[in-house]
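# Coordinates in review
The lines below spell out each chain.
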Amino acid sequence: MKKITLFITIILSIFLLGNNLVHAEGFYEGEYINNIWMVRKNSKRLIYQTARFLKRSSDNQFAYCVEPFTIINAQQGYTEIDPNTISPNTWERVSLLAYYGYGYGNHTDPKWYPITQIMIWKAIDPSSDFYFTDSLNGNRINIFQAEMAEIESLIQRYYTQPSFANQEFTMVKGHNKTIIDNNQVLTNYRLTNPSPYVNIHNNSIEIIANDLIETNLEFIKEENNYSIPPILYYHASSQNLMTAGKINPINTNIKIKVIETKLEVNKLDKDTNQAISQGQAHLEGSIFGIYDMNDQKIDQVIIDEKMQATFNNLDFGKYYLKEEKAGIGYLLDETIYPFEITEDNTAIHLDVTNEVIKRKIEIYKKYGNPHDKNMLPEANIQFAIYDINGELVTTIITDENGYASITLPYGKYKVKQINTTEGYQKVDDFEIDITEEDIEPLTYNLDNLEIEVPNTYSNQQTIFYGNYLIPCITGILYVKKKLYT
Amino acid sequence: MLKRNYTPKVLWLFCFYCIICIAIYNQRLPQSNMTNKVINNVVISHKKDLYALLDIPKLNSKYELFAMNDSRNNVDNNVTILPISKMPDEKHSLLILAAHSGSGQNAYFNNIDKLNITDEIIIYYHDHRYIYEITNKSEENKTGIIHIKKENDKNQIILTTCSTKDLSKQLVINGLLKDVE
């Protein structure tokens, strides 16, 4: 029973294997290729011949000999066999020779057939000698060297991958990246999964980083001269043959990683080193330009009410930040702030400072007669300084020289004299408007002058009546009395 | 009868005397000494040797001013510039003008008590119009001294005279320069 089971298994195996591998085929020697003669030579045999096509009977497809020192002596009975009877490297080599040899591109001249055949023999049996002769069994000649070099070049190009193959690229969201293939073979490749964000232009890839992703882009190079792989044909009593066929595709990939970057600018008051504006000045509203190292302006940021500005997804590179407009009441910061965004440094924090506009206020308080050269200094006079909202900012008091001073930041202020020396009026409230930086102080000479004035009362009418009119009337009355009495 | 013949002559003498008295009282100068001057499109009628002119538009009054070293710069005859003054073209100028009030033709400042804050005072000086605005008006005891608060970095004008309401007071009007034309 066991023997019967084993027999059936063997028969079924043979049947199934036969369906897959055993496919009988016939070959014949076709037309001669005139004026091309070849020699196959090893230690035991010397075969010379006029170049001649071998063709498959079923479809006249040309075939190549892969057993150079075995004579073809059968036209039928060839079977397809697994190419693993030949070392993989050799099979790959002869497959590529067959692919890029006769029939590839413009290799349509019959000469390409013996050229390809000679190269296949050399690959199969490197220890033997294969060459062309100037006649049948004639002298060795080195012809078709350029054609052989071309085939070799095509094979080399087949193996050449794009220069960026298997590399990882990190991109910043929202930016495009163009990757150039320095090996100039990208035109032979296509994306396995086309994407609207990846475009191949000749020898470069343009990638649009719209989303935060981490993905592999797979490229494939396929040669489509044939629809089926090359086939190795075996015959027990005749030379083995092969037909040219489709070669294995080449795959390559790149890894794309899209990340975000962030530039954060923090604004500080230079005097206090705090993000708080002084006086009535405003740190906010300051505008900074972002420049590349070619001094080209990329964009700008505006400091907000939190004394911060953020710029997202600035591309990798070296830049500098420069203030273009200071906040109200602050001096323009001329400092250049360089920074570099890299894959390892994606978040940049810059502290930038502004110096508030400020000015020294000096008060000289004096009183007395200006004719006296030494007007008296008015000491211990207090002045209150209020801001534009009427809030008390500070008070200052004159010293023994009648002098008081204070440095005030940008803004409008009202100064009010609080006390005065007895018998003298206080100065009217006055305003101080600090709008510009100046090393010269704003000086206020607040003088209470004593001015001598002449008597400004006029009584000329009384004088007139007393000096002229009354004596006149008196005189008239006297004359009248004298004349009429 | 003889005495009656003398009556017209006496009356004529009396009239002549009165005319002389009135002329002295008025102290008027002859009109032939006047000329016109144009300062910033304003025609000013003044004496030929005009030094400066005080114009108070509200009172429709113009008064000629004389240099501080001019003998005519005295309070009994004219509006006078007090010696402490700094003329309007000087930095931080302080022009202090005093004149009589009361009775008589030299009581030039008799009506300045009618001026109020924001009224204008104009000085014509050296081909410019200096326009001041009144900022303060006060009275203080008449002691022969007035107290002035010198405004810092400002150009001031002070008009002062006796108070017409209270002879024991001195009226002080303070103005600040607003415009120069």
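Preceding block: the structure.
This write-up is about the structure you can find in this document. (Residues numbered from 1 in each chain as written. Chains lettered and ligands numbered in written order. Predicted model: local features only at pLDDT ≥ 70, side-chain atom pairs only at ≥ 80, totals over all residues. Heavy atoms only, no water.)

## Digging into the packing of aromatic side chains
Rules: Geometry of aromatic contacts follows a simple scheme: Phe, Tyr and Trp rings, the Trp one being its six-membered ring, pair when their centres are within 6.5 Å, and the pair is stacked under 30 degrees between planes, edge-to-face over 60, tilted otherwise. Secondary structure elements follow DSSP: runs of H or I of four or more residues count as helices, runs of E of two or more count as strands, with numbering from the N terminus. Each residue's exposure class comes from its accessible area (1.4 Å probe, protein chains only) as a fraction of the maximum for that residue type: buried when under 20%, exposed when over 50%, partly exposed otherwise. Note on geometry: a ring has a charge over it if NZ (lysine) or CZ (arginine) is within 6 Å of the ring centre and within 35 degrees of the ring normal.
A full pass over the atoms with the stated rule returns 26 aromatic pairs over all chains. Ring geometry for A:Phe53 versus A:Tyr113: centroids 4.5 Å apart, planes at 40°, classification tilted. Remark: A:Tyr113 occurs in helix 3 (residues 112-124) and A:Phe53 occurs in strand 2 (residues 46-56); sequence separation between them is 60 residues. Considered together, A:Phe53 and A:Tyr113 belong to a single accessibility category, that of buried residues. Between B:Tyr63 and B:Tyr108 the ring centres are 5.3 Å apart and the planes differ by 65°, which places this aromatic pair in the edge-to-face class. Of this pair, B:Tyr63 sits in strand 4 (residues 61-65) while B:Tyr108 is found in the loop between strand 7 (101-103) and strand 8 (120-125), placing the two residues 45 residues apart along the sequence. Given a relative accessible area of 23%, B:Tyr108 falls into the partly exposed group. These aromatic residues form a ring-pair network of at least three members: A:Tyr99, A:Tyr100, A:Tyr104, A:Tyr158, A:Tyr159 and A:Tyr226. Here the basic side chain of A:Lys55 rests over the ring of A:Phe53, its NZ or CZ set 5.2 Å away from the ring centre.

## Concerning the environment of A:Ser128
Residues and elements named next belong to chain A. Note the cut-off: What makes two residues a contact is simply this: any of their non-hydrogen atoms within 4.5 Å. Think of a polar contact as two N or O atoms within 3.5 Å of one another; within protein, one of them needs to be a possible hydrogen donor and the other a possible acceptor, and neighboring residues in sequence only count if both atoms come from side chains.
On the secondary structure map, Ser-128 appears in the loop between helix 3 and strand 5 (129-133). The class for Ser-128 is buried, based on a relative accessible area of 12%. A C-alpha to C-alpha distance of 7.5 Å links Ser-128 and Arg-40, two positions 88 residues apart in sequence. Aside from chain neighbours lying at most four places away, what touches Ser-128 is Lys-41, Asn-42 and Phe-69. One polar contact links Ser-128 to Asp-125, side chain to side chain, over a distance of 2.7 Å.

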